[in-house]
Amino acid sequence: MEVLKITLTSILSVCALFIITKLMGRRQISQLDFFDYITGITLGSIAAELATDIDAPWQSLIAMAVYLIFSLGLNAAARKWPRTRKFLSGTPTILMDNGKLYRENMKKCKIDLSEFLVMCRQEGYFDLAAIQTAVFEYNGRMTILPATTRRPVTPEDMQLTPPKETFFVEVIMDGQILHTNLKRMGADLNWLNTQLKAQGYKSTGEVFLALCDRGKNLAVYQMH
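Residues numbered from 1 in each chain as written. Predicted model: local features only at pLDDT ≥ 70, side-chain atom pairs only at ≥ 80, totals over all residues. Heavy atoms only, no water.

Asker: Outline the sheet that holds strand β1 (residues 93-97), listing residues and values.
Answerer: With antiparallel pairing, the 4 strands of this open sheet are ordered in space as β2-β1-β3-β4. On the outer flanks of this sheet lie β2 (100-101) and β4 (142-146), each paired with one strand and no other. Summarising the sheet, β1 and β2 pair through 2 bridges and their orientation is antiparallel. Of the residues in β2, the one forming a bridge with Met 96 is Leu 101. Running over the sheet, helix α6 (residues 113-122) touches β1, β2, β3 (131-136) and β4 and is turned about 65 degrees from β4. (Pairing = 2+ DSSP bridges. Helix = DSSP H or I, 4+ residues; strand = E, 2+ residues; numbered from the N terminus. Contact = heavy atoms within 4.5 Å. Axes fitted to C-alpha atoms, helices over the stretch in contact; angles between N-to-C directions.)

Following this line, the structure appears as structure tokens:
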């Protein structure tokens, strides 16, 4: 009987954590700010306790609901009053600009010089001369503006006007035709079969993945 209760409370814990995460939004699983990080850890701890609390699981549920309401309230306040976001999460801090390193700003962000160099290398910058500005964001990541002479050449620099790129949508996956996506791209089954035959494919079973864009350009990847 006790095993059954633990099983039920574990299921309840997973369901509650899933619902709360969905309500809090994708920020909870993407780039966390300070408060999101604390909230995520705390909710995980409460959910773990809920999984084995067979006597009073409602207490843990109430605690999780309180954290959810508090988090949603702070997010709403941050959207309405931007200064609230600055107070809760902090503001971006310049660590390097125009060849100058700001030691006091590094101290403020609790970053030493070695950590700064590691973060630069993680962004692909091994030479500090290639950096115009380095900004430490409130979510703990560093954003780098490359020096003008080190930036990649763009079509605008060469006075070129290439056609606009469009996104590709899957129309075949694992040999199965995705009819909804095919219709969304303004194509039909006859068009798809014609395109496949033109590329040397006898059936969709030979295709592992096929992508189509708005210009009806079909990219096909064969099964191996």
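There's plenty left to go through after this.
Asker: Give me the sheet that holds strand β7 (residues 207-212): which residues, what numbers.
Answerer: For sheets, the rule is that strands pair by backbone hydrogen bonds, running either parallel or antiparallel. Ordered by their spatial adjacency, 4 strands build an open sheet running β6-β5-β7-β8, and the pairing between neighbours is antiparallel. Strands at the two margins of the open sheet, each flanked by one partner only, are β6 (176-177) and β8 (218-222). Where strand β5 (residues 169-173) meets β7, 4 bridges bridge the pair, whose relative direction is antiparallel. Bridge pairing links Ile 172 to Ala 210 in β7. Across the face of the sheet, helix α8 (residues 189-198) comes into contact with β5, β6, β7 and β8 while running at roughly 60 degrees to β8.

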